Each structure stands twice: as C-alpha cells, then as structure tokens.
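# Examining the three-dimensional arrangement
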Amino acid sequence: MSATLPSNTRELATAPAGLRLCDVVLARGGRRLQPELSLTMSAGEVVLLRGPNGSGKSTLLRTIAGRLPSTASSITCDVPVLYIGHADGLSPALSGRRNLGDWARLNGLADDDDAIDAALDRMQARGFGELPVRNLSHGQRRRVALARLTLGQAHALWLLDEPNAGLDAASSIALDDLISGHLQGGGMVLAATHLPLGVTHKPRTLTLEVPS
Amino acid sequence: MTPFALQLRRDLRLGWAGRGDMLVVLGFFLIIVTLFPLALGPDPAQLRIIAVPVIWVAAMLASLAGFTRIFAEDVRCGWVDQVALSPMSLPVYALAKALGHWLLSALPILAVTPLMALLLNLGSGQLAAMMLALALGTAALTLLGVIGAALSEGARGGGGLMAILVLPPAMPVLIFGALASTPEAGRLITPHLMLLGAVLAVLLAIAPFIAAAALAESESESGG
C-alpha cells in the first residue's frame, strides 16, 4: 500500500483523488509558452483544452504524462494515466491486434483475444485489426490506437491529443460514447481538441493563449 | 511473461518483419572482409597476418551501421511514450533492446565468421578464441551502441553523431578483443579475454541507465 502513495502525501490529504496541477510552467526549447497554469480535476470530470496552434496544448499533455520536464511546478496525479498523443504508439510493422496485445500485457491488463476483440469492436476496427499498421490509413490507425481506451483501467486519467482528428463520423460518435462511458464510471478525461466532443457530461474548458 | 521478455519478443518479431535491415548489416560485414584479399593479393601468409584485425574492424563498422535503428522507430511511433507510462522501467526496456539487437545483428555476423576466417587463411586453432572474443566484443559494442542511439534520439536526427559517440569508447573493446583473438598456442581464456569481459560487465551495469536517462524525455513525431 505504502508503495503506491505519491511522495507528496501532505498535499494529497487535502486534495480529492485526481489530478492537481499547481503553477505549471510550460516551455518548449527554452521559450516559455504560458503564464503559470493551475488545474484540479477529480473523478468523473472532463476538461477540454482549447487554444490556437502553438499555444502549448500538446506540451501540457506531454508534461502531465511525464514526457517533458516540468520546471518549478508540482504535478500530482494519483490515478493511472493513459496517454494517446500525436504518435499512436503502434509499431508500423506489426498488426493492430499485436500492438494492442503487447500494450495490454505490458500494463498488466486483460490481453486475451476476447478483450482485444471487444476493444477493436468498440472503435469498429476489427475488420482491419490483423493488418500491419503501416498498411492502414491515418484514421484507421487512430481508431486502433483509441481502442486502447477500452482496455485501460476504469478510474484512469485519459490524456488525449486531438483524439477525433481524422476520424469519420461513425468513429467520432464511437469515441464520444467511449468518453461518456468512462466519465460515468468515475474516470477523468483531459482532451486537447479543435473539434467538438459530443459527450454527455458538460465539459469545463481551459483556454490557452498564444504568448505575446 | 515479464516486461523484459515481452519487449524482447516484440523486438524479435519486428526484426523478423524487417529482416532486410538485418541482411544489410551482414552484407556490409561480408563485403568489407572480402575487399581485403582483393586489394592485398592472394598471398596466404599476408592474409593470415591481417585476418584478425580485418574481421574485428569489419564487425565494428558493420555493427555501427545498424545502431541508428535501435530506438528510431520506437521513438517515432510513440512506443517509448507508452513504455515510459507503463510499469516497465526504461533501463529494463533499454536492456531488452540491447539483447534483441545483439541477437538480430551480431549473431548473424558471428555465424559467418568461420567462413571469413577460412577466406583470410586464419589458423583453425585460432578460430575458437576469436569467436569467443567476438561474442563478448560485439555484446560490449551493442551496449555502447544503445547509449549512442539513445543520445542521438535526444539530439534529433543526430545519426551522424553515432560514429563519433560510439567508436572512441569502443577502442578498448577492439584492443582487448584483437589481443584475445591471437592467444598463445593452446590457450582459450587469456588475460585479455578477461579484460574484455570486464569491459562488458561494466557496460552491462551502466549502459541501460544512461540510455534510459537519454530516453526519459525523448520526443515522438510531431510531439509539439
């Protein structure tokens, strides 16, 4: 039990379960993108990141995912993080099914054929699940990558970078359903998107400005 | 299945899917070695003298050609992002990548080495010692390659860095390896081989951590 507690337990005692950003400084290539950002999210919440290109939406998501350094800031997150960025995380030479199976096994999640089938079905991706990812179109790859969301833990924080860019209408609706279901089950979603998300929960919006 | 075994199996699958890349490294090795008899002439005594150095340098250069690929695809497609968020630690990932790369690139080189030794008229008594030294040497070299590959991913398109990063620290490997390949008659385990083993042991202990530190904040494609 003690191993799973974040190091900053004092802060945790006052904060509800979820994500807490305190005075986060976003910087790319030594250039500061935003004034300090603060954000608190708890179970069942969805936050949309808005802002023009270059305002730091992807940078913020990558910083929360721990893939970029965060300077002079505190980020606490006490739930598992599921990140789907611009890069899908799918090796082009392997099939979508194999990619999903490896990912699930790596994370100690259900990785049997039924679970993968169900995940692919949710994004209507079963028909091309056996093909090498390099033979898929951009939208099809995206759907295989998003099928990961079905396999993850129910209370996870989803960090989605332009999740519905390049999706057809039916897949966009499937994604909306996935997100709505996840929020219902007590999950959290932080999504950077220019397109509307048709989710049942009313989203909060965090707007980033372009630095002057 | 442990994360290490999972990553290794994934890399072997990817290696099989892209076996052309494997053959390039092997072909490069074969070509470098066969160029020497052509340039030097067919004098068996002369060939015997250069056999060990030529095979060693060819193995090093051919291996170098494959190192840029170690992390390139995983970083570009975002698999490293997923690994970083998973329970698998990055040093374990780097070590699995090193073993996978050694099996896919160095093992084929070792397999054709007896043939190359024959071509260069190397005494049959020396072959066993050289194979043993080459096995350890290529393993050490692969670990240096993993460090170089991880660092050049961070430097973005720094493929040209590889030779400058990897070859200078590889010099002890070459020196001890070549000496261990030419032992006094009848001896297989020489002090030079032990020193080569020591270099390998040190790299085994530090290389995964250095590579992991370099990969910790590597960028995937259009990560901006």
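Going by the structure above, here's the rest.
Because the structure is a prediction, the values reported are computed rather than measured. (Residues numbered from 1 in each chain as written. Chains lettered and ligands numbered in written order. Predicted model: local features only at pLDDT ≥ 70, side-chain atom pairs only at ≥ 80, totals over all residues.)

## Observations regarding the interface of chain A and chain B
Across the boundary between the two partners, chain A contributes 26 residues, which contact 26 residues of chain B. At the level of elements, α2 (57–64), β7 (81–84) and α3 (96–106) of chain A are the ones that each hand at least two residues to the side of chain A that touches chain B. Top element by residues in the side of chain A that touches chain B is α3(A). It accounts for four residues. The class makeup of the residues in the side of chain A that touches chain B is 12 nonpolar, eight polar and six charged. (Contact = placed C-beta atoms within 7 Å. Helix = DSSP H or I, 4+ residues; strand = E, 2+ residues; numbered from the N terminus. Nonpolar A, V, L, I, M, F, W, Y, C, P; charged D, E, K, R; others polar.)

## Points about the pairing of strand β5 (residues 46–50) of chain A
Strand direction decides the pairing type here: β5(A) and strand β9 (residues 188–192) of chain A, joined by four bridges, are parallel. Residue pairing in the sheet places L49(A) in a bridge with A192(A) of β9(A). (Pairing = 2+ DSSP bridges.)

## What to know about the nonpolar core
In a soluble, globular protein the nonpolar side chains are often hidden away together inside. Of all hydrophobic cores here, the largest spans 119 residues; its most connected members are I55(B), A140(B), V146(B) and A150(B). Those residues in contact with V146(B) that sit more than four places away from it in its chain are I70(B), A94(B), K97(B), A98(B), A207(B) and A211(B). (Core = buried A, V, L, I, M, F, W, Y, C linked by C-beta atoms within 7 Å. Buried ≥ 20, exposed ≤ 12 C-beta atoms within 10 Å, placed from the backbone.)

## A closer look at unusual backbone geometry
Residues and elements named next belong to chain A. For D23, which is not glycine, the phi torsion reads 50 degrees and is therefore positive. Residue placement: D23 occurs in strand β1 (residues 18–24). Positive phi, normally seen in glycine, also occurs at E162, with a value near 50 degrees. Note on placement: E162 falls in the loop between β8 (157–161) and α7 (169–184). Taking the C-beta count within 10 Å as the criterion, E162 has 19 such neighbours and is therefore assigned partly exposed.

On their own, these measurements won't tell you what the molecule is for.
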